[in-house]
Structure formats: structure tokens, C-alpha cells
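Inside the fold
Residues per chain, in single letters:
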Amino acid sequence: MPIHSLPILACCAILLLVYYAVPRREQNLLLLGSSYGFCLLFSWPVALLLLAMSLANFALGIRVGGQRGVRGWLRLGILFNLLTWLGFKFAHLFVLRPGGAGSHLGAALWEGGAASLIPIGLSFYVLQAISYLVDVRRGQTPPCRDFPSFALYLAYFPKFTAGPIERPRTFLAQLMQARRPDWGRLGRGAALVLSGLLRKIVIGDTLLQAVPAVFFHRPQKFGGLELLLWLTVFVFGLYNDFCGYTDIARGLSALFGIELSPNFKGPFFAHNFFELWNRWHITLSHWLRDYVYYPIGRALARRFPRPGHAANILLPPMLTMLASGLWHGAAAGFLLWGIVMGAFLVGERLLALHRPRRPARGTPSWRSAFKSVAVFILWSAALVLVLVDLAAVPVFFRRVFARLGTTLPDTRVFLLIPLSLWLDARQERRSGEPFFVSGPLLARALCLAAALLAIFLFAQSRPVIPFVYQDF
Amino acid sequence: MPAEEEIREKLRSYVCREIMRREDYPLDDDAPLISGGLIDSFSLVHIAAFIEREFGVRLPDTDLDVAHMDTLRAMAARVARAMG
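The rules we used
Residues numbered from 1 in each chain as written. Chains lettered and ligands numbered in written order. Predicted model: local features only at pLDDT ≥ 70, side-chain atom pairs only at ≥ 80, totals over all residues. Heavy atoms only, no water. Helix = DSSP H or I, 4+ residues; strand = E, 2+ residues; numbered from the N terminus. Buried < 20%, exposed > 50% of the residue type's maximum accessible area, 1.4 Å probe, protein only. Areas by Shrake-Rupley, 256 points an atom, 1.4 Å probe, with all protein chains shown as cover. Lys, Arg positive; Asp, Glu negative; His and termini not counted. Charge placed at Lys NZ, Arg CZ, Asp CG, Glu CD. 1 Å grid on protein atoms, 1.4 Å probe; cavity = no way out; pocket = protein on both sides within 12 Å on 5 of 7 lines; lining within 4 Å. Points joined across faces, edges and corners; volume = space filled by probe spheres on them. Nonpolar A, V, L, I, M, F, W, Y, C, P; charged D, E, K, R; others polar. Domains from an automatic or database assignment. Contact = heavy atoms within 4.5 Å. Buried area = accessible area lost by both parts, 1.4 Å probe. Salt bridge = Lys/Arg side-chain N within 4 Å of Asp/Glu carboxyl O. Polar contact = N/O pair within 3.5 Å; in protein donor to acceptor, adjacent residues only side chain to side chain. Disulfide = S-S within 2.5 Å. Core = buried A, V, L, I, M, F, W, Y, C linked by side-chain atoms within 4.5 Å. Phe/Tyr/Trp six-rings, centres within 6.5 Å; stacked < 30°, edge-to-face > 60°. Arc of directions from axis to C-beta. Patch = residues over 30% accessible without salt bridge, like charges linked within 9 Å, V, L, I, M, F, W, Y side chains within 5 Å.

Describing the overall build of chain A
Check the secondary structure of chain A and you find 20 helices and zero strands. Projected onto its principal axes, the C-alpha coordinates of chain A cover approximately 65 × 60 × 55 Å. Here chain A, with 472 residues, has 54% of them falling under the buried criterion. Accessible surface computed for chain A: about 20,400 Å², of which carbon and sulfur atoms make up 68%. Seen as two clouds, the 46 positive and the 20 negative side-chain charges of chain A have centres 9 Å apart.

Quick look at the structure:
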């Protein structure tokens, strides 16, 4: 059951009434109990695996933070988490998936090899467990000696199914303090939930549902122009689905007095791929940067001090993006996607090495816009590798380049794309604040009324659709 | 132990020469480097390696971000603190 379903939101409202009336430790226990209750809604093995992983990592953390054999315990901990995750990630290669995915989108992703037998949330909390062990080893966070707090770090229900991927330092520190009702935070939390519902139900679901299922399997049925437009619709649908989820997760968490990290910052305004990865799924990008890119890059930079050395240019981005591809899916399409993304970063690096740097502020606006469009086109084109059946990818690009055609999809659906960009631009101008929080009172009231009406109307018209990233 | 100003000058010279490839660039102490689009994580890796070679201190990976390395002044202060 996704976190934006009515029963979950109603449970949160009831929980809030009790939450602020009890002391800190009981607040944590309430959240932990609710988080495991949330897991049980998916299945009891999901909750059991989470409990086993929490117990194992709690014990490993104490060993890693101890005096003897620290390095060995850290290696064991990382290996244990990675093997558990890889075991489930690749299980679908050997075991048939029971039943089908719910929506035609999910079915398409499964046919494309994206879905797997991976238990819900595992891909996200495994990364958090690894960052906990590494940070304890680096002395950046003390080993947690309070099991309920540690278990809550992995299980916390707003972020359980699809992140944000939190760091132990910031998350555990918040659990050490009692949370008291703060009207400013409560208002911002409610606004984030509303903003997330608008993105998910009104924009994301509508765009994703509009894309014909056959688009993923038989691109030869479409003209090149149609393929490009459906791809654009899908990309904006995927973005609003995930960004909407993150807003809801952050908003719900803020209601409970716990801040979660932002995951998106107007990704389609990025001028290059480096910037894009600092604007799209930020917590995953930063995790990969801190635990994959920096260790590899720094080891190589010590060995080869010249920035222009081939090893420095090639290996860190390629290996990091391969890891990103593998994290997203155990299929050839995802590995190819990782290679292409790595190649984009390498290409950018090569260009930068042969051109003096200029501050971004001095760039003319037409040039900035051109760069953003170019990054969007290349990024979307790479996504074809994971969306369309791998065998049909050459057909897709042949149609685009050779048979562009003039047929257009139903243009009404495209009206939601400017709305998505407008929300991004507004949030970017206001440092990520949801648009209901700031601005003139009348404008806020009108936006609020329009958003509530739209959410109500769209939610009435179809069942609750799970989030795409839940499948990763 | 070098003064913070000396650290800043060495960093300025390295960043202009090796990262920006414009030795004559008038890089201000407070110019935003990461948020201003002048350096990225690739450059930060090499600045960190330069700091290790030049000053003998290793900055943690988590400090290679906009909060600690966005300006020459912030970088030099971080290095001076690490040198104790």
C-alpha cells in the first residue's frame, strides 16, 4: 500500500494525535511500531528480512566501532549487505516471478527486465546500512547503542519504500531529541504532502497512464515524432511520480518533526550531466559520490597526480555509473544505461580539459537554455535503453532518425508538462519551498484551492497507483 | 605550519592552473567555485589530492562538498583546521 493512499494518510493523522503527547523514547517506539506495521502491509517476509538486517547491522556497527579487528568487521558488514542485496536482485534470473505487475507501466518495466524479486525497500535500506558502517569506521558517526533508534533509521515508514537515502549522522541525531509541535514545520509538512499529491496524482499518474503499453514493446507501430513525444511524456511522468513521492515522504516526516533530505532540484534545468546528478535523485547520487566515486577517484589521483591522466578521466565516472545502473536493475539494459551515462560524464570531462572554465553566471540565457535542452534530450535518449525491450532499441532510433512521420499523440496530455516545469521554476526560486508556503496570501489560497480540487477530481477517476521507484 | 593566507595562495595557484586552465584568472577569495559552476566533483578529487601532497593532511570525503569547499577562503580554513 503506497504512502499516499487514504488509509495510510488517515493512520498518520491519528498517530500524530498521540505522537506529540508522549516523551522522546516513546515517540521513537511509536514510529518504529508504525514502520513495521507499514512493512507488514506488504508482507510478513518483508518485515522479517528488515528485522534480520537491522539486528545484523546493529551488531556489526558495534564491532566496527570497537577496538579490535575493525577493518575485518567493516569488510564483512559491506559484503553481508551487498551479497544479500545482490542475491535478491539477481534472483529473478533463476526464479519465475509470481503474478504480474499491477499497471501496464509496471508490466512494461517487468517485460523490459527492470522489476525483480527484490523485497520492497531493500535497495534503499541496504545503502543506508552500508553508509552507517563506513561512517562509524571513519569516525563520522558513533556506533548506535540504542537498537530501536537504529532499527528506525532503516525502517522509518515515510522513506522505507523509495528513500530519500538518509545518512546516519543527520537522521540519528534527530531521534536523540524530543520532537515538539512546531506550527511552522507542521504547515510546511502539510504543504509538501499536498505538493507531492499534486505531482503524483495529477501530473505523474496522468502522464504515465497516457503512454500506450505497446510503446515499450513495439516501437515500430509509431512514427519517429510520436515516439519522441511519448518518451517526453514518460520522462515527465516518471519525474513527477518520484518527485511527488519524495515530497509526500518529506512532508509526512516533517509532520513528525523529522527532516528528510531533498531528492530533486529542478533536474531539467541542469546545464550539464554533473549538474543533473546533483539535481536528480540527489540522495542516491551523493551516496554514489561519497562511497564509490570519491574513494576510487582519490586513490587514482594519488597514483596519477595529473588530472588529465586517462585513468582519472575514465575510471571513476564509468565505475560509478555502472554501479548506478546495477542498483537500478539487474538487466543488460541498465548496465548499458550506466555505460552511456558514464560516457556522457567522460565526454564532459574531456571537453572541460581542453577549454578554460567560465563561471556559470556569465553564460547568456539562450546558451543556458540550449544546454538544458541538450542534456534533457541525451538523458531521455539513454533512458530508452531501460524502457524499451533491448531488442527493440535499434528499431526505436531507426524510426526516430529515418521515419519521423507527422502523426501526433493526443496533445491534451502535454498541458501538464508546462505545469511541471512551472512548479520546478517556482520551487527553485524559493529555495525548494513548496509553492503553498510562500507568496501573496490570495495567490496561495487560490493555488491551494485549485490543487485540492485537482487532486480530488483526479484521485476519484482512478485507483491508487504505486510509485515506480518502489520496484527498484 | 603555513598561515591561512599562504595556504589560500597555493590553492589559488593550483585551481587556476590545473582546474580552470587559466593562470591569469582573477579568482577571488570568496568566489563561489562549486555553486558557481567552476569546479565539480572531479576537480574536488584533484584538489583533495593536491592538499594531501602539499600540506600533508587528508580531508574526509564528506568534507568535499559545497559546505566546506565552495570558496578558496573556506578551503584554506578547512585545511588550516586539519593541520591543527
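After that view of the structure, there is still more to cover.
Concerning empty space enclosed by the protein
The gaps of empty space that remain are located by a probe, the size of a water molecule, rolled over the atoms. Within the structure shown, the criterion is met by three cavities of 30 Å³ or more. The calculated volume of the second largest cavity comes to roughly 70 Å³. Taken together, eleven residues line the second largest cavity, and the ones lying closest to its centre are Arg349 and Leu353 of chain A together with Glu18, Ile19 and Phe42 of chain B. Mapped onto the lining of the second largest cavity, the elements with two or more residues apiece are helix H16 (332-353) of chain A together with helix H1 (4-19) and helix H2 (41-55) of chain B. Within the lining of the second largest cavity, the residues separate by chemical class into five nonpolar, two polar and four charged.

Observations regarding the domain arrangement of chain A
Residues and elements named next belong to chain A. Assigned domains within chain A: domain 1 (21-178) and domain 2 (184-471). Relative to domain 2, the C-alpha centre of domain 1 lies at a distance of 24 Å. Each side of the interface is counted separately: domain 1 has 42 residues, and domain 2 has 41 residues. Carbon and sulfur atoms supply 65% of the area buried between domain 1 and domain 2, which totals about 3,600 Å² over both sides.

A look at the interface of chain B and chain A
Contact residues are listed per partner, giving 30 residues for chain B and 28 residues for chain A. With both sides pooled, the region where chain B packs onto chain A buries about 2,600 Å², and carbon together with sulfur makes up 53% of that total. Among the residues of chain B in contact with chain A, Phe42, Asp61 and Thr62 of chain B are the three that bury the most area, contributing 26% of the side total. The interface formed by chain B and chain A holds five salt bridges in total. The partner of Asp61 of chain B in a salt bridge is Arg138 of chain A, and the shortest N-O contact between them spans 3.0 Å. Between the two partners, chain B and chain A, sit nine residue pairs in polar contact (both at pLDDT 80 or more). The dominant element in the side of chain B that touches chain A, judged by the number of residues it contributes, is H2 of chain B, at ten residues.

Some thoughts on unusual backbone geometry
Following Gly163 of chain A, the chain continues into Pro164 of chain A via a peptide bond in cis, with omega recorded as 5°. With a phi angle near 40°, His281 of chain A is a residue other than glycine that sits in the positive phi range. Relative to the helices and strands, His281 of chain A resides in the loop between helix H13 (273-276) and helix H14 (282-303). Of note in this structure, Arg21 of chain B is not a glycine but carries a positive phi near 55°.

Thoughts on the environment of Tyr291 of chain A
Residue and element names in this part refer to chain A. Structurally, Tyr291 is set in helix H14. Distance in space between the C-alpha atoms of Tyr291 and Val134 is 8.4 Å, their sequence separation being 157 residues. At 2.8 Å, the side chain of Tyr291 and the side chain of Asp135 are in polar contact.

Quick notes on the state of the cysteines
Formally, a disulfide is one covalent bond, and it connects the sulfur atom of one cysteine to the sulfur atom of another. Residues and elements named next belong to chain A. With the rule as written, the count across this model stands at zero disulfides over all chains. In this model Cys11 remains outside any disulfide bridge; the closest cysteine sulfur is found in Cys12, 7.1 Å from its own. Note on Cys11: relative accessible area 49%, which makes it partly exposed.

Observations regarding the nonpolar core
Soluble globular proteins: nonpolar side chains tend toward being buried together. Within the largest apolar cluster, 129 residues are counted, with the highest numbers of intra-cluster contacts made by Ile3, Phe215, Phe256, Trp277, Trp280, Met341 and Trp379 of chain A. In terms of residues, this core owes the most to one element, helix H12 (residues 224-255) of chain A, which gives 16 residues. Two domains each donate at least three residues to this core, and these are domain 1 (21-178) and domain 2 (184-471) of chain A. Those residues within four positions of Phe215 of chain A in sequence are excluded, and the remaining contacts are Phe222, Leu227, Trp230, Leu231, Val388 and Phe396 of chain A. Core analysis: the second largest hydrophobic core is formed by 39 residues, Ile313 of chain A together with Val15, Met20 and Leu44 of chain B among them.

Focus on the packing of aromatic side chains
Residue and element names in this part refer to chain A. This structure, assessed with the given rule, holds 33 aromatic pairs over all chains. Ring centres of Phe273 and Phe344 lie 4.7 Å apart, and the angle between their planes is 25°; this geometry places the pair in the stacked category. Here the residue Phe273 occupies a position in helix H13, and Phe344 occupies one in helix H16, the gap between them amounting to 71 residues.

Observations concerning helix H18 (residues 393-402) of chain A
Residue and element names in this part refer to chain A. Taken residue by residue, H18 has Val393, Val395, Phe396, Arg399 and Val400 as its buried positions. An end-on view of H18 places all buried positions within 165° of arc, on one side of the element. Turned more than 90 degrees from where H18 packs its buried face, Arg398, Phe401 and Ala402 sit exposed. Check the buried side of H18 and you find it contacts helix H11 (214-217), H12 and helix H17 (365-387).

Here we look at the pattern of salt bridges
For side chains bearing opposite charge, pairing can occur when the charged atoms are close. Under the defined criterion, the tally for this structure stands at 25 salt bridges over all chains. Between Arg12 of chain B and Glu9 of chain B there is a salt bridge whose closest N-O contact spans 2.8 Å. A residue pair is termed a helical-turn pair when its members lie 3 or 4 positions apart in one helix, as Arg12 of chain B and Glu9 of chain B do in helix H1 at three residues. For Glu9 of chain B, a relative accessible area of 41% translates into the label partly exposed. Here Asp63 of chain B makes a salt bridge to Arg78 of chain B, at a shortest N to O gap of 2.4 Å. Of this pair, Asp63 of chain B sits in the loop between H2 and helix H3 (66-69) while Arg78 of chain B sits in helix H4 (residues 72-83), and the two are 15 residues apart along the sequence. The burial state of Asp63 of chain B is the same as that of Arg78 of chain B; both residues are buried. Through salt bridges with shared partners, a single network forms among Arg138, Arg298 and Arg302 of chain A together with Glu52, Arg58 and Asp61 of chain B.

Details of a positive patch on the surface
Together, Arg355, Arg358, Arg367 and Lys371 of chain A give the surface a local cluster of positive charge. Within the element layout of this structure, Arg355 of chain A appears in the loop between H16 and H17.

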